[in-house]
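Inside the fold
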Amino acid sequence: MTQPLASDVGVGAVADRVVAAVQSALRDHRGPAALHQPEFRGAEWTYVKDCLDSGWVSSVGAYVDRFERDLERVTGVAHAVAASTGTAALHVCMRLAGVERGDEVLVPTLTFVATANAVSYTGAVPHFVEADASNLGVDPEALERHLQAVARVEDGMCRNVTTGATIRALVITHLLGLPCDLDALTALAERWCLVLIEDAAEALGTYWHGVHVGGRGRLAALSFNGNKIVTTGGGGAILTNDPALAARAKHLTTTAKQPHAWAFDHDEVAYNYRLPNLNAALGCAQLERLDDMIARKRVLAARYVEAFAGVQGVRVLAEPQGARSNAWLNGILLDDPADRDPTLEALAAAGLMGRPLWTLMHRLPMHAACPRASLTMAEALEARVITLPSSACLADGG
Ligand SMILES: *Cc1c(COP(=O)(O)O)cnc(C)c1O
């Protein structure tokens, strides 16, 4: 028999310790454990049946209005406009922020591709910025340094002096349910004359210093895709405190049709980004269960913190000071990037779902020529973070 190399023992050890800690957090849950599993334990069947019975399954109906009012109540943001997907909602946010062909928009390199796609749809260019190790969001200090190096404010506009383009907006993503540092980023956006847009697709139910995310930026987007904390099957919403922007969001998502009893008049090229009433019915029922969902997910998150305490070589991405996370997905940070893939394999072998973060945006082929800041922290996080099974039902045992 050949002796295993010392390095193999080291690598195997971290993977084994992670599997053992996850099993302990899940109280030896049997069977496959998904990252996030939707649940239909409330009025979903009733509302969807009611919607079918009413015949109003498509682009207008009472559930769409009700879902929008429910979202306003849950988030505390003055206006919610439903959309067909989170990506569509982000696209509309870009349009409403005045993003135009040739502009640049600051986008975290550590995000889902939809954030960058929404910028590209407008003909603008994503300009990638650095991640914050404490919350995976945008690092305000690194961004400040970068802007001081490449940008100037002239006539109330932010100009990239190296490319000549106007930097119109800053999108920040609240990742895994952890909020970005909204105080620092709001101040930065004001200083640099940038429209702040929050990609809150993963953060319904997340608070920063007692205030729900999505209302600090001029605009925010939510997603109700099947993997999110509340699902409509597929769907999204635009949030804003500005009534004029909300009216414009409604107009752009509904083919710019002029309200009229019978005439079909449209006053600009717009989109069919409406959320069907059938999907909104599902969403209304899901929102009624949001508090319960978050409470159970937070129990699971606390179990992960406990199970990983004292585990060498790994730490849980815990809720930062001042934040209240919806605990959508739990993540761990490995000290050594060499442990990531063996750990993912060990988790899979144990029937436990684990995933790396997304490939960073600046590495994707369509972004090869995009401007970027120094992205070393994002690269370190990409190499070292693993997300773990986080379905609320996993908190029910034990
Ligand atoms: C899910 C998600 C989106 C887009 O949502 P869809 O509804 O799938 O279009 C955008 N940004 C982030 C960070 C997401 O996680």
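Overview of the structure. All values derive from a computational prediction rather than experimental measurement. (Residues numbered from 1 in each chain as written. Predicted model: local features only at pLDDT ≥ 70, side-chain atom pairs only at ≥ 80, totals over all residues. Heavy atoms only, no water.)

Considering the packing of helix α4 (residues 86-96) against helix α5 (residues 113-121)
α5 packs onto α4 with a crossing angle of 45° between their chain directions and a minimal axis gap of 8 Å. Considered as vectors, α4 and α5 are oriented oblique to each other. Along this stretch, α4 crosses α5, giving a crossing that reads as right-handed. Packed against α4, whose contacting residues are Thr87, Leu90, His91 and Met94, the element α5 presents Ala114, Thr115, Ala118, Val119 and Tyr121 at the interface. Across the contact of α4 with α5, the residue classes break down as 6 nonpolar, 3 polar and no charged. (Axes fitted to C-alpha atoms, helices over the stretch in contact; angles between N-to-C directions. Helix = DSSP H or I, 4+ residues; strand = E, 2+ residues; numbered from the N terminus. Parallel < 35°, antiparallel > 145°, perpendicular 65-115°, else oblique. Left-handed = near helix turned anticlockwise from the far one by under 90°. Contact = heavy atoms within 4.5 Å. Nonpolar A, V, L, I, M, F, W, Y, C, P; charged D, E, K, R; others polar.)

A closer look at unusual backbone geometry
The residue Leu176 is not glycine, and still its phi comes out positive at about 65°. One can find Leu176 in the loop between β6 (167-173) and α7 (182-191). Residues other than glycine seldom take positive phi values, yet Thr255 does so here, at roughly 55°.

Quick notes on the packing of aromatic side chains
One pass over the structure, following the stated rule, counts 5 aromatic pairs. With centroids separated by 4.7 Å and ring planes inclined at 5°, the aromatic side chains of Tyr271 and Tyr273 adopt a geometry described as stacked. Across the pair, Tyr273 and Tyr271 agree in class, each one buried. A cation over an aromatic ring shows up here: Arg66 above the ring of Tyr47, its NZ or CZ 4.6 Å from the ring centre. (Phe/Tyr/Trp six-rings, centres within 6.5 Å; stacked < 30°, edge-to-face > 60°. Buried < 20%, exposed > 50% of the residue type's maximum accessible area, 1.4 Å probe, protein only. Lys NZ or Arg CZ within 6 Å of the ring centre and 35° of its normal.)

Quick notes on the layout of surface pockets
The volume enclosed by the largest pocket comes to roughly 530 Å³. Lining of the largest pocket is provided by 31 residues; of these, Glu202, Asn227, Lys228, Trp328 and Trp358 occupy positions nearest its centre. Those elements that place two or more of their residues in the lining of the largest pocket are α4, α5 and β15 (355-356). The biggest single contributor to the lining of the largest pocket is α4, with 3 residues. The residue makeup of the lining of the largest pocket, split by class, is 14 nonpolar, 13 polar and 4 charged. (1 Å grid on protein atoms, 1.4 Å probe; cavity = no way out; pocket = protein on both sides within 12 Å on 5 of 7 lines; lining within 4 Å. Points joined across faces, edges and corners; volume = space filled by probe spheres on them.)

Points about the pattern of salt bridges
Under the criterion given, the structure shown has 20 salt bridges. For Asp103, the salt bridge goes to Arg168, with nearest N and O atoms at 2.8 Å. Placement of Asp103 in the loop between α4 and β2 (104-108) and of Arg168 in strand β6 is noted, with a sequence separation of 65 residues between them. Judged by relative accessible area, which is 5%, Asp103 ranks as buried. Owing to a relative accessible area of 18%, Arg168 belongs among the buried residues under this scheme. Glu268 is the salt-bridge partner of Arg248, the closest N and O atoms lying 2.8 Å from each other. Note that Arg248 is positioned in helix α8 (residues 243-253) and Glu268 in the loop between α8 and α9 (277-288), a separation of 20 residues in sequence. Judged by its relative accessible area of 33%, Arg248 falls in the partly exposed class. The exposure class assigned to Glu268 is partly exposed, which follows from its relative accessible area of 26%. (Salt bridge = Lys/Arg side-chain N within 4 Å of Asp/Glu carboxyl O.)

Quick look at the site of the ligand
Taken together, 15 residues lie around the ligand, and Gly86, Thr87, Glu202, Ser223 and Lys228 are the ones closest in. One nitrogen or oxygen atom from the side chain of Thr87 is found 2.5 Å from an oxygen atom belonging to the ligand. A distance of 3.2 Å is found between an oxygen atom of the ligand and a side-chain nitrogen or oxygen belonging to Lys228. Protein coverage of the free-state accessible area of the ligand, which is 380 Å², stands at 92%. When atoms are counted within 2 Å of each cavity's grid points, the one that captures over half of the ligand is the largest pocket. If you list the elements that add at least two residues to the shell around the ligand, you get α4 and α5. Examining the composition of the shell around the ligand, we find that 3 residues originate from one element, α4, more than from any other. (Near = heavy atom within 4 Å. Polar contact = N/O pair within 3.5 Å; in protein donor to acceptor, adjacent residues only side chain to side chain. Areas by Shrake-Rupley, 256 points an atom, 1.4 Å probe, with all protein chains shown as cover. Sits in = over half its atoms within 2 Å of the grid points.)

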